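# Remarks on the overall topology
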2 protein chains.
Amino acid sequence: MSKKIILTGDRPTGPLHLGHYVGSLQNRVKLQNEYNQFVLIADLQALTDNAEHPEILEKNIYEVTLDYLAVGIDPKISTIFIQSQIPELTELTFYFLNLVTVPRLQRNPTVKNEIKQKNFGTGVPVGFFVYPISQAADITLFKANLVPVGADQQPMIEQTNDIIRKFNKTYKEIFPIVESLIPKDVGRLPGIDGKAKMSKSLGNAIYLSDDADTVQKKVMSMFTDPNHLRVEDPGKIEGNTVFTYLDYFAPNKNEVNEMKEHYQRGGLGDVKVKKYLNEVLQEILTPIRERRKEFAKDKNEIKKILIQGTQKARDFAQKTIKEVRESMKLNYF
Amino acid sequence: MSKKIILTGDRPTGPLHLGHYVGSLQNRVKLQNEYNQFVLIADLQALTDNAEHPEILEKNIYEVTLDYLAVGIDPKISTIFIQSQIPELTELTFYFLNLVTVPRLQRNPTVKNEIKQKNFGTGVPVGFFVYPISQAADITLFKANLVPVGADQQPMIEQTNDIIRKFNKTYKEIFPIVESLIPKDVGRLPGIDGKAKMSKSLGNAIYLSDDADTVQKKVMSMFTDPNHLRVEDPGKIEGNTVFTYLDYFAPNKNEVNEMKEHYQRGGLGDVKVKKYLNEVLQEILTPIRERRKEFAKDKNEIKKILIQGTQKARDFAQKTIKEVRESMKLNYF
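Thresholds, definitions, all that
Residues numbered from 1 in each chain as written. Chains lettered and ligands numbered in written order. Predicted model: local features only at pLDDT ≥ 70, side-chain atom pairs only at ≥ 80, totals over all residues. Heavy atoms only, no water. Contact = heavy atoms within 4.5 Å. Buried area = accessible area lost by both parts, 1.4 Å probe. Salt bridge = Lys/Arg side-chain N within 4 Å of Asp/Glu carboxyl O. Polar contact = N/O pair within 3.5 Å; in protein donor to acceptor, adjacent residues only side chain to side chain. Helix = DSSP H or I, 4+ residues; strand = E, 2+ residues; numbered from the N terminus. Axes fitted to C-alpha atoms, helices over the stretch in contact; angles between N-to-C directions. Parallel < 35°, antiparallel > 145°, perpendicular 65-115°, else oblique. Nonpolar A, V, L, I, M, F, W, Y, C, P; charged D, E, K, R; others polar. Domains from an automatic or database assignment. Least-squares fit on C-alpha atoms with pLDDT ≥ 70 in both.

## Regarding the interface of chain A and chain B
A common measure of how large an interface is: the accessible area buried when the components associate. Listed as interface residues are 52 residues of chain A and, on the opposing side, 52 residues of chain B. When the two sides are added together, the surface that chain A and chain B hide from each other amounts to roughly 4,400 Å², 69% of it contributed by carbon and sulfur. When residues of chain A are sorted by the area they lose upon contact with chain B, F94(A), Y332(A) and F333(A) head the list and together hold 18% of the total. Our enumeration of links across chain A and chain B arrives at two salt bridges. Between E52(A) and K166(B) there is a salt bridge whose closest N-O contact spans 3.7 Å. At the boundary of chain A with chain B, the tally comes to 18 residue pairs in polar contact (both at pLDDT 80 or more).

What follows is the structure, encoded as structure tokens:
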């Protein structure tokens, strides 16, 4: 029996950070052995709220690919490909536009929230408004069975399944229903400033490509307990980002628990805990950084990986779109 | 200097009628000599409010093409092509989605009206809501300079030019601004029931493919002056569909004017006027019907014409989309 298909990916709007590592990258490295994994570099989706700046895409596609390779996504078993080079995605999106109503799209809570957050000045671009439909095309064109998502992305999967059911019923049953894969032990890593989310736009991220000094500086500047002013005072663990990170990354949980107790009863300074976290992170990031440097030496090799992955994805896409056109009786000639 | 480009077309939702003949077909036969004319058979647009019935498209593409050939659109000088066979149209539409905001689209009065008229039950399909954007792609992909439109379609041209300006400014100046061509002496032919518009859905149309008997029956059933009960009574010309048609179609205007006077002062019966109109229409429709029959004999020849036109259009489309991708810096490989 052939492996189940999994679709995952990122917008190439900047290099990837520890939040991506915890939230998805680590997981992909595991999943690629069990599943037929497609990794989409979503440059067209990046344009939906950033149409004026296509010049950032090419550079970031390269950076993101380096990050993928550095963490261990293996292009021999995972298919890494670029969205804009698969025009079949735009074609399938176009067909799906007819299968969703405007009010249904307006009800999508994920999009509602994002529109609020993004604060579009003169109005939401139509491309952004309809991106759940384009995302449904990304998923179905590769006949994905599984999509790893955070809990906040669940409405996108429901929207995708609505479209799949409508297509299958209206034309022909060719798309499998998609399941979301909410990975165990995966949460959302806060930023180094303690804010709920590590993100490029908030300027609170530790990047996989940061050098050792930068990582150390960022760790030493992390948000802890603002009331823990003197070493001998008791400190709080809840909301203390340094300890949150230790929970995520430290391999020796007993040591972390001892430090937590010590910190809470007083006598353990922030600097000491941060130094410990720095060691933990360097342990994880150094081999990633080394591999990244190694891959970065040969830009042509990266290009070759992207061309091959994209070609493989396109072959798949063309087969599906042929089926789609036949189902829709658009194969006149 | 090369000829200016003109884009025009129809949705293949049924055979064409006298309303099309008056409103556009006649005009295209003239325009094809002066311009490089692309004639789009808009099957994808037909799906935007009819996604459940793709099976009607193939048959009607064939019927519409027969109508084109029968009225004298010459496939040697006009490019007749099928929208769905040019996937570059869906790709350009996708890029344009980012250049229009949702409120701007909602302000489009043509779409507003159509949405009201169509009475979509559970909500407007997104494909229908965004069809002005897809129409802009139809126009710009072929770098059309001119689009023949009725006055009610003027907002669509404005929307297209908004998109063109935004694209040219954001990426690169590659698209010409479009002018609408509102043809002289062209109005909107009422239906045989006197309603403002001849249309398939209203069941009040005389088709180019109707046989002589059907035409005669339809003419004899036409709406005249409902108060003109006896031949000797004076009758009204205003709103009298038979006279409206005579104004459009009768070659001898003096004769028509004499009949109008006679009708108004009394003594001229509806049947007599209708018989006259029938003669006038048969004079126009007989040669069209004959040519249509001739062309209909060889379905393969029609297919060949469509394949060749579509291939020519696609070659043009692929050149434009290459330029588009370069302008948007999406040409990574």
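Picking up after the structure, the text goes on.
## What to know about the pattern of salt bridges
Inspection of the entire model under this criterion finds 34 salt bridges over all chains. K59(B) is the partner of E63(B) in a salt bridge, and the nearest nitrogen-oxygen pair spans 3.9 Å. Here K59(B) and E63(B) lie together in helix α3 (residues 55–71), a separation of four residues that amounts to about one turn. Residues joined in a network through salt bridges with shared partners are K59(A), E63(A), D67(A) and R292(A).

## Details of the packing of α3(B) against helix α14 (residues 299–327) of chain B
Residue and element names in this part refer to chain B. For the pair α3 and α14, the least separation of the axes is 11 Å and the interaxial angle reads 85°. Here α14 runs roughly perpendicular to α3, going by the angle between their axes. Here α3 contributes I61, Y62, T65, L66 and L69 to the contact with α14, which in turn contributes K299, I302, I305 and L306. Looking at the contact of α3 with α14 residue by residue, the class counts come to seven nonpolar, one polar and one charged.

## As for the domain arrangement of chain A
Residue and element names in this part refer to chain A. Taken domain by domain, chain A comprises domain 1 (5–189 + 299–327) and domain 2 (212–293). For domain 1 versus domain 2, the separation of C-alpha centres amounts to 34 Å. At the junction of the two partners, domain 1 supplies twelve residues and domain 2 supplies nine residues. Buried surface at the junction of domain 1 and domain 2, summed over both partners, amounts to about 980 Å²; 68% is from carbon and sulfur atoms. A per-residue breakdown of the area domain 1 buries against domain 2 is headed by L18, A70 and L189, which together make up 52% of the total. Going through the elements one at a time, α1 (18–34) and α3 (55–71) are the ones with two or more residues in the side of domain 1 that touches domain 2. Grouping the amino acids of the side of domain 1 that touches domain 2 by side-chain chemistry returns eight nonpolar, one polar and three charged.

## What about the relation of the copies chain A and chain B?
Each of the two copies of the chain can be brought onto the other by a rotation about an axis and a shift along it. Superposing chain A onto chain B takes a rotation of 180° plus a shift of 0.0 Å along the axis, which leaves an RMSD of 0.0 Å. One copy is carried onto the other by what is essentially a two-fold rotation axis. Interface overlap between copies is the fraction of interface residues in one copy that are interface residues in the other; for chain A against chain B it reaches 100%, indicating a shared surface.

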